[in-house]
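Listed here are the chains, written in short residue letters.
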Amino acid sequence: MLTLEQQFALRIAEQMVFHTGRRAAPSEMRSWERSLPVLAQDLEQAGLGKVEVLVEHHLPLTSKRADVVLAGRHPKTGKPSYVVIELKQWSRATAWDDDRELVLIDGFPNSPRLHPVAQVRGYCEYLTDFAKFLDGEPDAVAGAAYLHNAMAEADVRDLYDYPQDNRGQLFTGASRDKFIEFLRDRLDPDVPGSPYADQLINSAVAPSKQLLAVAADEVQRREQFVLVAEQKLAHSMVLHEVERARSADSKSVVIVTGGPGSGKSVIALSLLGDLARKGRSVLHATGSRSFTQTLRKVAGNRQPRVKKMFKYFNQFMDAEPNDLDVLILDEAHRIRETSVDRYTKAEFRTGRRQVDELIAAARVPVFLLDQYQVVKPGELGTVEEIRQYAADLGLPVHLIELDAQFRCGGSEEYIQWVQHLLGLAEGEPTAWQGDPAFDVRVADTPEAMESFLQEKVKAGYGARMSAGYCWPWSKPRPDGTLIADVQIGGWSRPWNVQGDRMVGEAPPAALWATDPNGFGQVGCIYTAQGFEYDWSGVILGPDLIWRDGRFTTMWDANKDPAFRNRKSIDDATFDRLVRNTYKVLLTRGMSGTVLYSPDPQTRDALHTLVTTTHRQA
């Protein structure tokens, strides 16, 4: 019979194969080999050889993984019991700048980490929020941060200043006996844990708390979102910098970067609500008309004054320097060179850069961005641009990179597949290998795509159709009806409404992605960006076609007015922006994406790459 240590070794190898699709090299497993055998010894000493050990447990609807989840029966209640464990190899750690939630470890003097208790507590809360069978069982999940290499309590003394509870307790190598006692209190040594592990793994996933559905509560009353790992680190970093700026009369810049669905907007709203409740002067701004207007509508539904907290990037030209404690800049990849437009007063036509206005307006400007979502000429929001400008001003910059994502069913595999498909990452396009968390299909016709999505709507899901900007966009007829500009064979549908008012039953542009009546129109990049829906149908227009084993872009097929002046945009820029556009459209879905291209060669290539097909009935 295998020892627990041997079982761990096998499970590690199996997990690495399952998660990456290949056998892991020894160097890739070295960090686990240093931590898991220690845990195996502790479980053996505790007499818990029958518990089920889930290594790198995948949290539902996110790519984030908990190091270890122990599954078994509670020795006192007889109910399912789970212990989430965050394993750290740290031997020494101190609080960062007297902030209890951020810590420094040896070898990384200027790179604060999230307190491991805060990290594991976030995992516990997230798990209980999304594993449906845990509803009404708040005591079923406990958490522990285990610093097994810390053999002297004095070396991690600062970490004990952080509050602990059942969802997050700190243990070290020096307190190993207490850790073993903690495990025995939570797990029955005489009952196999595999049935309880199956319950957790196979649990239905409760619907995620949609960003906009809870914005009002988040801003006006109480925290609604559970922030995990780097999300919580970003949140804590901003709060820390705000308090330091107030006490030391200082100024700094925070940049939070992450891919689609990594939680940037969740962080933004959490910060807005938390800072507002603390009495700090804070505003939220974006460069997206649709996103800002939707936030104003939802968050200010019962409190009209809340609408004033949501601004646009170009509204800070006359702001007093450092008048705000914090300016939260969501979708910061949409920052432009200047804020000047045709409505700008002559006194403000100075050529001042927009990034300068935004940095100047607050003691702590917070930029949340994904530079691969730059989709329009003149958008300059990149990490390099902001970091360089802050450096020129002599301001410290803190960069937090979000490595998890919560859109597309939490499927990292799908995000990577899209990046390779579109040529936005190194490596050739590959066949979609499938992921239980996310469904990808190819439709033979636009009718088949729409029919499939309609069935999803009838089943209670949200769904939208979007397309590349490859068809003309007409104003409504005099009688107020929309013109079906998107025509493919005998199928035609109108674009979403252009303006701020409903046209018939069709919602205004800003609400296309969130109003159920938006399903009847085709959305474009400017109405889809920043939003999510359960099922996404994407029409790849003739500006992106498959030739010679890869996608190529076609300038003449694009109808976007932003690309009208060909003299001011080079071919490489056009190519990059079109690929970024389709990356945004292809990553709006939470449950699945249906692809369609009117180009036969492109459609054949998609059929080769994706074997799941939806044909017209």
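Since this is a predicted model, take the numbers as computed values, not measurements.

**As for the overall build of the protein**
- When you go through the protein residue by residue, the secondary structure sums to 16 helices and 24 strands.
- For the protein, the residues scored as buried account for 55% of the 617 residues in total.
- Considering only contacts in the protein between residues 6 or more positions apart, those separated by 24 or more positions represent 73%.
- Of the roughly 26,400 Å² that the protein leaves accessible, carbon and sulfur atoms contribute 47%.

**So, the confidence of the model for the protein**
- Of the residues in the protein, 87% reach a pLDDT of 70 or more, and the chain-wide mean stands at 84.
- Counting contacts from residues 12-30, a segment whose pLDDT is below 50, to residues more than four positions away or on other chains yields 21 contacts.
- In the predicted structure, residues 207-214 sits below a pLDDT of 50 and forms 22 contacts with residues beyond four places in sequence or in another chain.

**Concerning the sheet that holds strand β2 (residues 65-73)**
- Spatially, β1-β2-β3-β7-β8 is the arrangement adopted by the five strands of the open sheet, whose pairing is mixed. In this open sheet, the two edge strands, each paired with only one partner strand, are β1 (52-58) and β8 (169-172). Pairwise comparison of adjacent strand axes, ignoring direction, gives a mean angle of 30 degrees for this sheet.
- When β1 meets β2, the two strands line up antiparallel, connected through six bridges. Paired with His57 across the strands is Ala66, a residue of β2.
- Relative to strand β7 (residues 141-147), helix α4 (residues 176-186) is tilted by about 165 degrees, and along the sheet it contacts β2, β3 (80-88), β7 and β8.

**Regarding the packing of helix α7 (residues 230-248) against helix α8 (residues 264-277)**
- In contact at an axis separation of 10 Å, α7 and α8 are set at 35 degrees when each is read in the N-to-C sense. Crossing handedness for the pair α7 and α8: right-handed. Residues Gln231, Ala234, His235, Val238, Leu239 and Val242 of α7 form the contact with α8, whose participating residues are Ile267, Ser270, Leu271, Asp274 and Leu275.
- Here the contact of α7 with α8 is built from residues that sort into seven nonpolar, three polar and one charged.

**Some remarks on α7**
- In this model, α7 (19 residues) spans 26 Å end to end at C-alpha, consistent with the 27 Å of a helix rising 1.5 Å per residue.
- Immediately beyond the C-terminal end of α7, within one or two residues, lies Asp249, with a positive phi of roughly 50 degrees.

**Some thoughts on the sheet that holds strand β4 (residues 93-96)**
- Sheet architecture is open: three strands sit in the order β4-β5-β6, paired in antiparallel fashion. The strands lining the two open edges of the sheet, one partner per strand, are β4 and β6 (108-114). Put simply, the sheet's adjacent strands are angled 45 degrees from each other on average, direction ignored.
- As paired elements, β4 and strand β5 (residues 99-105) share four bridges and run antiparallel to each other. By the bridge assignment, Thr94 is partnered in β5 with Leu104.
- Packed onto the sheet, α7 meets β4, β5 and β6 and runs at close to 110 degrees relative to β5.

**Quick notes on the side chain of Asn580**
- Its location among the elements puts Asn580 in helix α15 (residues 571-586).
- For Asn580, the contacting residues outside a window of four places in its chain are Gln371, Tyr372, Val374, Val375 and Leu424.

**With respect to a negative patch on the surface**
- A surface patch of like charges, here negative, comprises Asp318, Glu320, Asp323 and Glu347.
- In this structure, Asp318 sits in the loop between β11 (310-312) and β12 (324-329).
- For Asp318, a relative accessible area of 51% gives the class exposed.

**Observations concerning the pairing of strand β23 (residues 589-596)**
- Most of β23 is tucked away, with seven of its eight residues classed as buried.
- Note: strand β15 (residues 439-443) against β23, four bridges, orientation parallel. Each residue of the ladder has a partner; that of Val440, found in β23, is Thr593.
- Inspection of the sheet shows strand β20 (residues 533-539) paired to β23 by six bridges, in the parallel sense. Note that in β23 the partner of Trp535 across the bridge is Gly592.

**Digging into the environment of Ser597**
- Counting through the fold element by element, Ser597 comes out in the loop between β23 and α16 (600-609).
- Note on Ser597: relative accessible area 1%, which makes it buried.
- On a C-alpha basis, the gap between Ser597 and Ile539 in space is 5.7 Å, while along the polypeptide they are 58 residues apart.
- A distance of 3.2 Å separates a polar atom in the side chain of Ser597 from the backbone nitrogen of Asp599.

**A short note on the pattern of salt bridges**
- According to the stated counting rule, one finds 21 salt bridges in the structure shown.
- Put simply, Arg280 and Glu243 hold a salt bridge, and the shortest N to O gap is 3.0 Å. Placement of the pair is Arg280 in the loop between α8 and β10 (282-286) and Glu243 in helix α7, with a sequence separation of 37 residues.
- Judged by relative accessible area, which is 19%, Arg280 ranks as buried.
- On the accessibility criterion, Glu243 (34% relative accessible area) is partly exposed.
- Between Arg579 and Asp575 there is a salt bridge, with its nearest N and O atoms 2.9 Å apart. A residue pair is termed a helical-turn pair when its members lie 3 or 4 positions apart in one helix, as Arg579 and Asp575 do in helix α15 at four residues.
- Since its relative accessible area comes to 5%, Arg579 is described here as buried.
- Taken together, the salt bridges that share partners define one network made up of Arg92, Asp106 and Asp155.

**A look at the packing of aromatic side chains**
- Counted under the stated rule, the structure contains 17 aromatic pairs.
- The rings of Tyr146, Phe171, Phe179 and Phe182 are connected pair by pair, giving a single aromatic cluster.
- Over the face of the ring belonging to Tyr461 we find Lys456, whose NZ or CZ atom lies 5.7 Å from the ring centre.
- Residue placement shows Arg464 over the ring face of Trp512; its charged tip is 5.9 Å from the ring centre.

**As for unusual backbone geometry**
- Notably, Glu331 is not glycine yet its phi reads approximately 55 degrees, a positive angle.
- Relative to the elements of secondary structure, Glu331 occurs in the loop between β12 and α10 (354-360).
- On the basis of relative accessible area, Glu331 is assigned to the buried category, the value being 5%.
- The phi angle at Asp548 is positive, at roughly 55 degrees, despite the residue not being glycine.
- Mapped onto the elements of the fold, Asp548 is located in the loop between β21 (544-547) and β22 (550-553).
- Overall, Asp548 belongs to the exposed group, its relative accessible area being 83%.

So, how was this worked out
- Residues numbered from 1 in each chain as written.
- Predicted model: local features only at pLDDT ≥ 70, side-chain atom pairs only at ≥ 80, totals over all residues.
- Heavy atoms only, no water.
- Helix = DSSP H or I, 4+ residues; strand = E, 2+ residues; numbered from the N terminus.
- Buried < 20%, exposed > 50% of the residue type's maximum accessible area, 1.4 Å probe, protein only.
- Contact = heavy atoms within 4.5 Å.
- Areas by Shrake-Rupley, 256 points an atom, 1.4 Å probe, with all protein chains shown as cover.
- pLDDT = per-residue confidence, 0-100.
- Pairing = 2+ DSSP bridges.
- Axes fitted to C-alpha atoms, helices over the stretch in contact; angles between N-to-C directions.
- Left-handed = near helix turned anticlockwise from the far one by under 90°.
- Nonpolar A, V, L, I, M, F, W, Y, C, P; charged D, E, K, R; others polar.
- Expected span 1.5 Å × (residues − 1).
- Patch = residues over 30% accessible without salt bridge, like charges linked within 9 Å, V, L, I, M, F, W, Y side chains within 5 Å.
- Salt bridge = Lys/Arg side-chain N within 4 Å of Asp/Glu carboxyl O.
- Lys, Arg positive; Asp, Glu negative; His and termini not counted.
- Charge placed at Lys NZ, Arg CZ, Asp CG, Glu CD.
- Polar contact = N/O pair within 3.5 Å; in protein donor to acceptor, adjacent residues only side chain to side chain.
- Phe/Tyr/Trp six-rings, centres within 6.5 Å; stacked < 30°, edge-to-face > 60°.
- Lys NZ or Arg CZ within 6 Å of the ring centre and 35° of its normal.

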